[in-house]
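Working through the structure, step by step
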Amino acid sequence: MKSLFSFVTSLLITLSYAQNLKHFTIPEGYTKIAESKGDLDKDGKDEVVIILDTDKKASENKSFSKDNDYNRVLYILKNDTGQLKIWKENTSLLFSSGTGFYSEDSSPPEISIKNNALTITQVFNTNSRHTQLYKHTFRFQNGNFYLMGSHDHFEDTCDFSFLNEINFSTGKVIIDKEYSSCDEDAKIPERSHKEFIHTFKPLIKMNDFKIGAHTFRIPCSNEDFIF
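Residues numbered from 1 in each chain as written. Predicted model: local features only at pLDDT ≥ 70, side-chain atom pairs only at ≥ 80, totals over all residues. Heavy atoms only, no water.

1. As for the pattern of salt bridges
- Here the structure, examined in full by the defined rule, presents 13 salt bridges.
- Lysine 32 serves as the salt-bridge partner of glutamate 35, at 2.6 Å between the closest nitrogen and oxygen.
- Between glutamate 195 and lysine 172 there is a salt bridge; the shortest N-O distance is 3.3 Å. A residue pair is termed long-range when its members are at least 10 positions apart, and glutamate 195 in strand S11 (residues 192–197) and lysine 172 in strand S10 (residues 172–179) qualify at 23 residues.
- A single network of salt bridges, built from pairs that share partners, joins Asp41, Asp43, Glu47 and Lys78. (Salt bridge = Lys/Arg side-chain N within 4 Å of Asp/Glu carboxyl O. Helix = DSSP H or I, 4+ residues; strand = E, 2+ residues; numbered from the N terminus.)

2. Comments concerning the side chain of threonine 54
- Its place among the elements puts threonine 54 in strand S2 (residues 47–57).
- Of the polar contacts made by the side chain of threonine 54, one reaches the backbone nitrogen of lysine 56; its length is 3.1 Å.
- In terms of polar contacts, threonine 54 uses its side chain to reach the backbone carbonyl oxygen of asparagine 71, at 2.8 Å.
- Residues in contact with threonine 54, not counting those within four places in the same chain, are Gly29, Tyr30, Tyr70, Asn71, Arg72 and Val73. (Polar contact = N/O pair within 3.5 Å; in protein donor to acceptor, adjacent residues only side chain to side chain. Contact = heavy atoms within 4.5 Å.)

Shape is all these values report; function is a separate question.
So this is what it looks like as structure tokens:
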């Protein structure tokens, strides 16, 4: 009986919460560029996650920005009896559409949902030889979405491949620097690999996270880890 009461109470809270969410329609002038579905809060129902190009010009003064540089927005939507409602909205995580040396050739962000976790992948070129890949994973817990994984891969077509990775659940940090060369006579530096545990408290909420805005000192060094 107690279990049934708890279930009914939880159901009523969920229904009341869903009724207070705003209905979603794609704003005029916005364009959907990515979409995925999956259960993010373990209620047995799939949420809908979409990314839109807005009609708002990006304000950042970037050396590689383009005239067609527009802000992007991510929505996490609840499906309430066939009606999509806005559960979460985020504008801090996504780079604008003009980001990258070859922004017109860049793939749009990718969304994946696996094991109740949401992963956003963004890839672009920073110049004619450098590729930057970011992958960030978020999980819903304690009433909010928190950053649980950060994957940063910076690669040159000839000279290097750098990986910075964090698992926020375990605190495990990986820093890997591998070198190469297109010049057969070049002296290639030795590979550098470091793994250590760093305590992240408190965890970072999705809407408090912006790529490159967080740092901590790497143990036994004078360098900072930037994520």
